[in-house]
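Structural overview
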Amino acid sequence: MIGELNGHMNPNPNTRPDAAAPPSTWRLAWRLIRYQPGLWAVDALFWGLVWSLPVAVGYLVKLAFDALTGSARAGFNLPTLLVLMLLVGLVRIGSIFGGIFYNVKWAETICALMRLNVLSRVLAEPGARAMPESPGKAVSRFRDDVEDLRVATEWTVDLVGMLITVVVAFLIMLRVNAPVTLLVFLPLLAIVAVVNLLRARLEAYRLASRQATSRVTGFLGETFGAIQAVKVATAEGPVTARFDQLNEQRRQAALKDTLLTSMLGTLFGSTVNLGTGVILLMTAGAIQRGSFSVGDFAMFVMYLGRVTDVMFAFGHMLAWHKQAGISRDRLSALMQGAPALQLVAHREVWMHAPAPEPTPARPTPGDRLRRFEARGITCIHPESGRGVRDVSLRLDPGSFVVITGRIGAGKTTLLRAILGLLPLDAGEILWNGRRVEDPAGFMVPPRCAYTGQVPRLFSADLRDNLLMGLPESEVDLSAAIRQAVLERDVAALDAGLDTLVGPRGVKLSGGQLQRASAARMFVRSPEILVFDDLSSALDVETEARLWGRIFARPLTEAGSPPASAVRPPACLVVSHRRPALRRADHIIVLEAGRVVAEGKLDALLEGSAEMRALWSGELAG
């Protein structure tokens, strides 16, 4: 409910008309580098030393062999050369440790940044289209696709060292023996060209692998959420068989992806042996003639292995960048039409310091409700063509408005459209006479609080589920619990408010879930309470007590003295239950998405056949 209103809802969220084309992987990497350039530079310095120091070692090895064979010119003696090689090795070891430390720090930071940006975009979307896929598949994108982009960016810290290694080694080798150098380098360049030619195949295999993994993750999430249904239907066998089938598809897709990448690695690795053979064949005569020393040969072999490692790493980096394009597209689809670079937008990430404590939204004078109006609300679901058309209503402080109608009349759609959880096709929302441009961002505490048909609790203790980050010292939690008729239930729990409620509040009954969700609303002291069939799991007596307590003890503003805020909340309620209908100041009867009658209960029972049928229970159940 904190998102933007984005026009008509598109049946395919991955192809929304306002979606921007995803930027290139290199552009994303550059933005991530700029997020913390100092940390990236230190990381690149260490890995630059790791890559380039072996060039110095190779040259020292040449001098050492030349000294041993007596072909060395005047210079360092053998002990000095050995000491220098030892020092270079120690520096390289230290660079590896430093590189690992800073690399982990930087890599985890950019992963956190991307995940925070994706999550922020998902939360900013209207609730009905926040997720284009199942939660399980979305988790796969948060985990695997972000990691792919991290790896594709992480390679950039190696580029400087890799470039120095190749250029310096090539120039030294070229100066010693140009024909051999060129012949050794040509196969390496050819393999890089092969990687580029295999771009389409690499991308296709990576996409298939990611999709197969998402299907497995999504199926697991759906299965865990429906364990009870599976057991009741004794469907454990078919569910397990389907899981095996999805896993086999994933195995085959991952095998193709891994096999192609490994084959490219094998090609690079084989060039070391091939290059060594070429050097031996072409330099045997030169060694005998004395124009190519044993030290030159040792240096060539060492440089060949090092340059091959560099070229292999570079080719692997290119391949990963091609494959990371798939992850980029999948994350862009999850962000549903976000600006092109929002995935890597710079913002504060608390990786090494505690995040600031949340503070309750404090009402301003303009937040105090004098009049709320919804005019001409029209919201149509593109998939079915159903919804609500031209519905208007008004709420005053302390008023109790009930929306009723048969199943499918559009009651929930109307509430969600008013709250910004669904986009409006027509109509407007007004708060104290002023038009609300962004209902999703405006209709939240302290102005409005909402409980849907199926209350959602997290796998945490009851206290945390009610407070949801609010400081307990700044709200009246006990008053909210009493208003929700939940005090006896809390007292009966083993650990009271500290009782763990389990996934989705599974340890609570249906009625306790609904009243806990109501208490979560009350603790925020909103001006408007919106209930979507809150009392469906309550007995008549408990429901009557709940409505009575809401108006018997008005809500108070969080953090303010009670005397300064004694005022009743307004209630907008979807219900067909008699206690709510009896209490209503105004009833709106919907049929097929349109208002067919409205007014007081007695007048509606006298003049509306639809209302009489609902009252008698012929339609609502």
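Residues numbered from 1 in each chain as written. Predicted model: local features only at pLDDT ≥ 70, side-chain atom pairs only at ≥ 80, totals over all residues. Heavy atoms only, no water.

1. Quick look at the overall build of the protein chain
In terms of regular secondary structure, the protein chain is built from 20 helices and 10 strands. Relative to its 621 residues, the protein chain shows a buried fraction of 49%. Across the protein chain, contacts joining residues at least 24 apart in sequence account for 79% of those joining residues at least 6 apart. In the structure as shown, the protein chain presents an accessible area of about 29,100 Å², 60% of it carried by carbon and sulfur atoms. (Helix = DSSP H or I, 4+ residues; strand = E, 2+ residues; numbered from the N terminus. Buried < 20%, exposed > 50% of the residue type's maximum accessible area, 1.4 Å probe, protein only. Contact = heavy atoms within 4.5 Å. Areas by Shrake-Rupley, 256 points an atom, 1.4 Å probe, with all protein chains shown as cover.)

2. Here's the deal with the sheet that holds strand β2 (residues 387-395)
The four strands are arranged β2-β1-β4-β5 in an open sheet whose pairing can be described as antiparallel. Where the open sheet ends on each side, the last strands, each with one partner, are β2 and β5 (434-435). Examined bridge by bridge, strand β1 (residues 372-380) and β2 share six bridges and lie antiparallel to one another. Each residue of the ladder has a partner; that of F372, found in β2, is L395. (Pairing = 2+ DSSP bridges.)

3. Points about the pattern of salt bridges
A full pass over the atoms with the stated rule returns 23 salt bridges. With a shortest N-O distance of 3.0 Å, R328 and D329 are connected by a salt bridge. For R328, a relative accessible area of 16% corresponds to the buried category. Given a relative accessible area of 33%, D329 falls into the partly exposed group. (Salt bridge = Lys/Arg side-chain N within 4 Å of Asp/Glu carboxyl O.)

4. Quick word on the nonpolar core
Of all hydrophobic cores here, the largest spans 55 residues; its most connected members are W106, M114, V118, L149, L343 and V344. Taken together, the elements giving at least two residues each to this core come down to α1 (25-35), α2 (37-69), α3 (78-124), α4 (135-154), α5 (159-176), α6 (178-197) and α10 (294-335). When near neighbours in sequence (up to four residues on either side) are disregarded, V118 contacts F142, L331, L334, M335 and L343. Counting 47 residues, the second largest nonpolar core, distinct from the first, contains V475, L581, L614 and W615. (Core = buried A, V, L, I, M, F, W, Y, C linked by side-chain atoms within 4.5 Å.)

5. Re unusual backbone geometry
Between P445 and P446 the backbone carries a cis peptide bond, its omega angle lying at 10°. Residue position: P446 is located in the loop between α12 (439-442) and β6 (448-451). At V485, a position not held by glycine, the phi torsion is positive, near 55°. Mapped onto the secondary structure, V485 falls in the loop between α14 (477-483) and α15 (487-492). Here V485 falls in the buried class, since its relative accessible area comes to 5%.

6. Considering the packing of aromatic side chains
Summed over all chains, the structure comprises eight aromatic pairs. The interplanar angle of 20° and the centroid separation of 5.8 Å between the aromatic rings of F46 and Y102 together place this pair among those described as stacked. Pair noted here: F46 is in helix α2 and Y102 is in helix α3, with a separation of 56 residues, a long-range link. Given the relative accessible area of 21%, F46 is considered partly exposed. Among the residues examined, Y102 registers a relative accessible area of 27% and is labelled partly exposed. Taken together, a centroid distance of 6.4 Å and an interplanar angle of 15° make the contact between F219 and F243 stacked. With F219 in helix α7 (residues 199-225) and F243 in helix α9 (residues 236-289), this residue pair connects regions lying 24 residues apart in the sequence. On the basis of relative accessible area, F219 is assigned to the buried category, the value being 17%. Given the relative accessible area of 25%, F243 is considered partly exposed. Ring pairs connect the aromatic residues F400, F522, F531 and W547, which therefore count as one cluster. (Phe/Tyr/Trp six-rings, centres within 6.5 Å; stacked < 30°, edge-to-face > 60°.)

7. So, α5
Spacing of three or four residues puts side chains on the same side of an α-helix, whose turn is 3.6 residues. With 18 residues, α5 should cover 26 Å at 1.5 Å per step; its first-to-last C-alpha distance of 26 Å lies within 8% of that length. Among all positions in α5, only G161, M162, T165, V166, A169 and M173 are buried. End-on view of α5: buried residues confined to an arc of 125°, all on one side of the axis. Exposed positions of α5 whose direction lies more than 90 degrees from the buried face are L163, L171 and R175. (Expected span 1.5 Å × (residues − 1). Arc of directions from axis to C-beta.)

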